[in-house]
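Chains, contacts and geometry: an overview
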Amino acid sequence: MNQDNLYDCAIIGGGLGGLTLAVTLSKNGYRCILFEKEEYPFHKVCGEYISMESWDYLTGLGLPLDEMKIPIIKKLVVSAPNGTELKQDLLPGGFGISRYKIDAALKEIALASGVTVLENCKVDDAVFNNGLFSIGTSKGNFKSRVCCGSFGKRSNIDIKWKRDFIKQPHNKLNNFIAVKYHVEYNGGADTISLHNFKDGYCGISKIEDDKYCLCYLTNAANLKKSNNSIEEMEKNILCQNPHLENIFLHSTKLYSSPLSISQISFQQKKAVENHVLMIGDAAGLITPLCGNGMSMAMHAGKIASFYISELLEGRTNQDQMEMAYTTAWKQTFEKRLRTGRIIQRFFGKIWLTNIFIKTLKLFPSFTNKIIELTHGKPF
């Protein structure tokens, strides 16, 4: 066997979960390789709000958040389709930073930590046999003792492995599309706003360099009703909410065309699939309305790093590692995902969303409880 192509851990996907896991393991002395199909820096469809639970972990890995002049977000505004607004302090809050910036910065930290990072590298498959993974990629074949999947919401591997959520027929939890822009806008630097419309919601919050991230989620039916035109859908459906009408009227889009992704699923997924430990959205996707997918991905990577170390040091075996990680993942995230799915059901139908927002305005303590249930503790 070519020892140059043998690694302690191979990570498929270079998002926040994959990058932070790679840095954590490499700093602990393990040989890691990370495969990313794109080339850094690049934009991703993402709300770009990260809850404060991740701050200490990121700075501990060497990311100088204090020096990056990023906005700290402390307030929440939610509007119903009819324009009714709910305003609430957001505790513990979060910060805004683009994936274009943070992913590229973490990639440099990974390289400096000794991680092998292969960009423009598509992974075709990962097969476990006799204690080792064989990983076929567009840049050759590699071996690893452990393999982690951090490949986002939907990938070619999900389809190849025929994961359960891929096989489900279209339903209310698995046929969403997301659209994202960076915009110039005169909004509140310390506020994240979530504006509801028929069968969807749109978030806007400040990121670095006086830019704002505008990202919305809706079902595929809205796009179909709009002749598959994003611009027509925004004009005829999103802008029925007066706050969104104002945002689209008074903001300047900084992309020539929007970023989009389709066939997003919020259905349950397995934390381990074909002996691969799943990290972030690959293990389970929280509704963007709850705003904590990135923190959950990084937290899952930190949890995985502990059990991976146990295996590599010979204190456990593959089956025990998989079972322990699955249990820890469920204990840490299952309640948050379930809460997100429940909250999601109150948004979409115009009349129900209008009533729900009006009710929340009357009971701020209940709103605080929802925020608490969808935010984690520092890790």
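Placed above this text is the structure.
What comes next concerns the included structure. (Residues numbered from 1 in each chain as written. Predicted model: local features only at pLDDT ≥ 70, side-chain atom pairs only at ≥ 80, totals over all residues. Heavy atoms only, no water.)

Now for the overall build of the protein chain. Helix and strand content of the protein chain: 12 helices and 17 strands. The C-alpha radius of gyration computed for the protein chain amounts to 21 Å, which stays within 12% of the reference 21 Å derived for 379 residues, consistent with globular compactness. By principal-axis analysis of the C-alpha atoms, the protein chain measures approximately 65 × 45 × 40 Å. Every one of the 379 residues in the protein chain was classed for burial, and the buried ones make up 58%. Element-wise, carbon and sulfur atoms account for 50% of the exposed surface of the protein chain, whose accessible area totals about 16,700 Å². (Helix = DSSP H or I, 4+ residues; strand = E, 2+ residues; numbered from the N terminus. Rg over C-alpha atoms; globule rule 2.2 N^0.38 Å. Buried < 20%, exposed > 50% of the residue type's maximum accessible area, 1.4 Å probe, protein only. Areas by Shrake-Rupley, 256 points an atom, 1.4 Å probe, with all protein chains shown as cover.)

Attention shifts here to helix α9 (residues 293–312). The end-to-end C-alpha distance of α9, which contains 20 residues, comes to 28 Å, matching closely the 28 Å that a straight helix rising 1.5 Å per residue would cover. Among the 20 residues that make up α9, 15 are buried, leaving the element largely enclosed by the rest of the structure. Looking one or two residues past α9, Gly314 carries a phi angle of roughly 80°, positive in sign. (Expected span 1.5 Å × (residues − 1).)

A word on the packing of aromatic side chains. What describes a pair of aromatic rings is the distance from one ring centre to the other and the angle between the planes of the rings. Summed over the entire model, instances satisfying the criterion amount to 9 aromatic pairs. A centroid spacing of 6.3 Å and a plane angle of 85° characterise the contact between Phe197 and Tyr216, whose relative ring orientation is edge-to-face. Within this pair, whereas Phe197 is found in strand β11 (residues 191–197), its partner Tyr216 is found in strand β13 (residues 212–219), the two being separated by 19 residues in sequence. When sorted by exposure, Phe197 lands in the same class as Tyr216, which is buried. The side chain of Arg31 reaches across the aromatic face of Tyr7, ending 4.1 Å from its centre. Above the ring of Phe165, the side-chain terminus of Lys269 is found at 4.3 Å from the ring centroid. (Phe/Tyr/Trp six-rings, centres within 6.5 Å; stacked < 30°, edge-to-face > 60°. Lys NZ or Arg CZ within 6 Å of the ring centre and 35° of its normal.)

Turning to its location among the elements, Ser54 is positioned in the loop between β3 (49–51) and α2 (55–60). For Ser54, a relative accessible area of 0% translates into the label buried. When sequence neighbours within four positions are dropped, the list of residues in contact with Ser54 reads Ser295, Met298 and Phe379. (Contact = heavy atoms within 4.5 Å.)

This part covers the nonpolar core. Within the largest apolar cluster, 74 residues are counted, with the highest numbers of intra-cluster contacts made by Phe35, Cys148, Ile308 and Tyr325. With 9 residues, the single largest contributor to this core is α9. If sequence neighbours within four positions are ignored, Cys148 has contacts with Cys9, Ala10, Ile11, Ile12, Leu21, Val276, Leu277, Ile279 and Ile308. Counting residues in each nonpolar core, the second largest holds 20 residues, with Cys202, Tyr216, Cys239 and Leu244 among its members. (Core = buried A, V, L, I, M, F, W, Y, C linked by side-chain atoms within 4.5 Å.)

The next subject is a nonpolar patch on the surface. Among the surface-exposed residues, Leu362, Phe363 and Phe366 lie close enough to one another that they form a single nonpolar patch of about 340 Å² accessible area. Summarising the element assignment, Phe366 is placed in helix α12 (residues 364–374). The exposure class assigned to Phe366 is partly exposed, which follows from its relative accessible area of 43%. (Patch = residues over 30% accessible without salt bridge, like charges linked within 9 Å, V, L, I, M, F, W, Y side chains within 5 Å. Salt bridge = Lys/Arg side-chain N within 4 Å of Asp/Glu carboxyl O.)

Right, let's talk about unusual backbone geometry for a bit. Phi is mostly negative for residues that are not glycine, and the peptide bonds are mostly trans. Pro41 follows Tyr40 through a cis peptide bond whose omega is -10°. As for its position among the elements, Pro41 is in the loop between β2 (32–35) and β3. A cis geometry characterises the amide bond from Leu91 onward to Pro92, with omega recorded as 5°. With respect to the helices and strands, the residue Pro92 is situated in strand β5 (residues 85–96). Although it is not a glycine, Asp210 adopts a positive phi angle of roughly 60°. Judged by its relative accessible area of 57%, Asp210 is exposed.

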